[in-house]
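Here's the letter readout for the chains.
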Amino acid sequence: MTRPTHRAPWSGMISDAADAHVGLFGIPFDSAVSFRKGAALAPQRIRSITPYIAPFTEDGLSLVGVQLRDYGDAIDDLNWERYFDSVRQQALTVLQHPLAFFLGGDHSVTIPLIQAFDASRTSNFGIVHIDSHTDLMDSYDGHRWSHACTQRRSLEAKHLLPQHLSFIGIRSWLQDEIDILKQHPEIKVQNARTVARQGIAATAENVIQQLQGVESIYLTLDIDCLDPAHAPGTGTPEAGGMTTREVLELLRLLFAALPIQAMDIVEVSPSLDVSDITSMAAIKIIYEVLGFRFLLPR
Ligand SMILES: [Mn+2]
């Protein structure tokens, strides 16, 4: 009996090439959550499942030619500021690949990642934030780097204009978030109900129109954008979310039309998961995204 050749991390797509298609980096950090932990376990859990996933997209396109360089995980540091600083530094290397892919961790890890993205830009960039929350708090639980503050920190980035910030799937609010959006009506929010009523194609088209002309985009996907039925393993599940099918269709349309150069998936919490449903959803999304980015015409 021969073992399948993909029985290796990332289904054998691993490459040490400096110019590999994808640079991947894990940030196993969940000290910024407001409710339930476990997201720090996601990068290793996800990696450990990948040898059992065949390297094909759902359309049957082979991912064997896609080269993925895995930079491993950020090293623990009890000093939060120093930790985020080292994440920022390492992200600069990962961002040199055509697609940088980051695995959280809770959503606070997107703060240093977007700061690194900003630092490596010479022109304005856009952000697509797919989540049940806007994460627009100035501070939360007494901290400016909470996972509830991610996009508020992005608004401080040098190359991000508020009109280039796009939210999809929102269905939970805090008062300060509503207030900052009143100050910045140019920030676009398509909440979960809007998405359900108008459909995925219209949702994607609105984002594509909004980000027209922007030269690069960072897409952050909080797994709690999915309905808890599709992603039970997450710290702050919110009922009424998108299906995995809908998110895959949304990403397909966005990747086909927009210059997305970096993406993260955050808030997958293996210790809260059921039968790895949530980790498996993340892997499905990652593999399909590799196909959208490198195997489909743009
Ligand atoms: Mn979030």
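Here, the structure is the one placed above.
Note that the structure is a prediction, hence the values are computed from the model and not measured. (Residues numbered from 1 in each chain as written. Predicted model: local features only at pLDDT ≥ 70, side-chain atom pairs only at ≥ 80, totals over all residues. Heavy atoms only, no water.)

## Quick look at the coordination of the manganese ion
Right, so step 1: Within the protein, the manganese ion binds to His107 (ND1), Asp131 (OD), Asp135 (OD) and Asp222 (OD); these donor distances fall in the range 2.1 to 2.3 Å.
Right, so step 2: Of note, the manganese ion draws all its donor residues from one chain, in the sequence arrangement H-x23-D-x3-D-x86-D. Linking Asp135 in the loop between strand E4 (125–130) and helix H4 (150–154) with Asp222 in strand E7 (residues 216–222), this pair joins segments that are 87 residues apart in sequence. The burial state of Asp135 is the same as that of Asp222; both residues are buried. (Donors = N, O, S within 2.8 Å, 3.2 Å for Na, K, Ca; no water. Helix = DSSP H or I, 4+ residues; strand = E, 2+ residues; numbered from the N terminus. Buried < 20%, exposed > 50% of the residue type's maximum accessible area, 1.4 Å probe, protein only.)

## Here's the deal with the layout of surface pockets
Right, so step 1: In this structure, the largest pocket spans a volume of roughly 220 Å³.
Right, so step 2: As for the largest pocket, its lining consists of 16 residues, of which Ser34, His133, Asp135, Ala148 and Leu174 are closest to the centre.
Right, so step 3: Class assignment for the residues of the lining of the largest pocket results in four nonpolar, six polar and six charged.
Right, so step 4: The computed volume of the second largest pocket comes to approximately 160 Å³.
Right, so step 5: The wall of the second largest pocket is formed by Pro28, Phe29, Asp30, Ser31, Ala40, Asp76, Asp77, Leu78, Trp80 and Tyr83.
Right, so step 6: Class assignment of the residues belonging to the lining of the second largest pocket gives a composition of six nonpolar, one polar and three charged. (1 Å grid on protein atoms, 1.4 Å probe; cavity = no way out; pocket = protein on both sides within 12 Å on 5 of 7 lines; lining within 4 Å. Points joined across faces, edges and corners; volume = space filled by probe spheres on them. Nonpolar A, V, L, I, M, F, W, Y, C, P; charged D, E, K, R; others polar.)

## Brief notes about the packing of helix H1 (residues 42–49) against helix H9 (residues 277–294)
Right, so step 1: In the contact formed by H1 and H9, the axes pass within 10 Å of each other and the chain directions differ by 70 degrees. Regarding the angle of H1 to H9, the classification is roughly perpendicular. The handedness of the crossing between H1 and H9 is right-handed. Together, Arg45, Ile46 and Ile49 of H1 and Ser279, Met280, Ala282, Ile283 and Ile286 of H9 make up the contact between the two elements.
Right, so step 2: For the contact of H1 with H9, a count of residues per class yields six nonpolar, one polar and one charged. (Axes fitted to C-alpha atoms, helices over the stretch in contact; angles between N-to-C directions. Parallel < 35°, antiparallel > 145°, perpendicular 65-115°, else oblique. Left-handed = near helix turned anticlockwise from the far one by under 90°. Contact = heavy atoms within 4.5 Å.)

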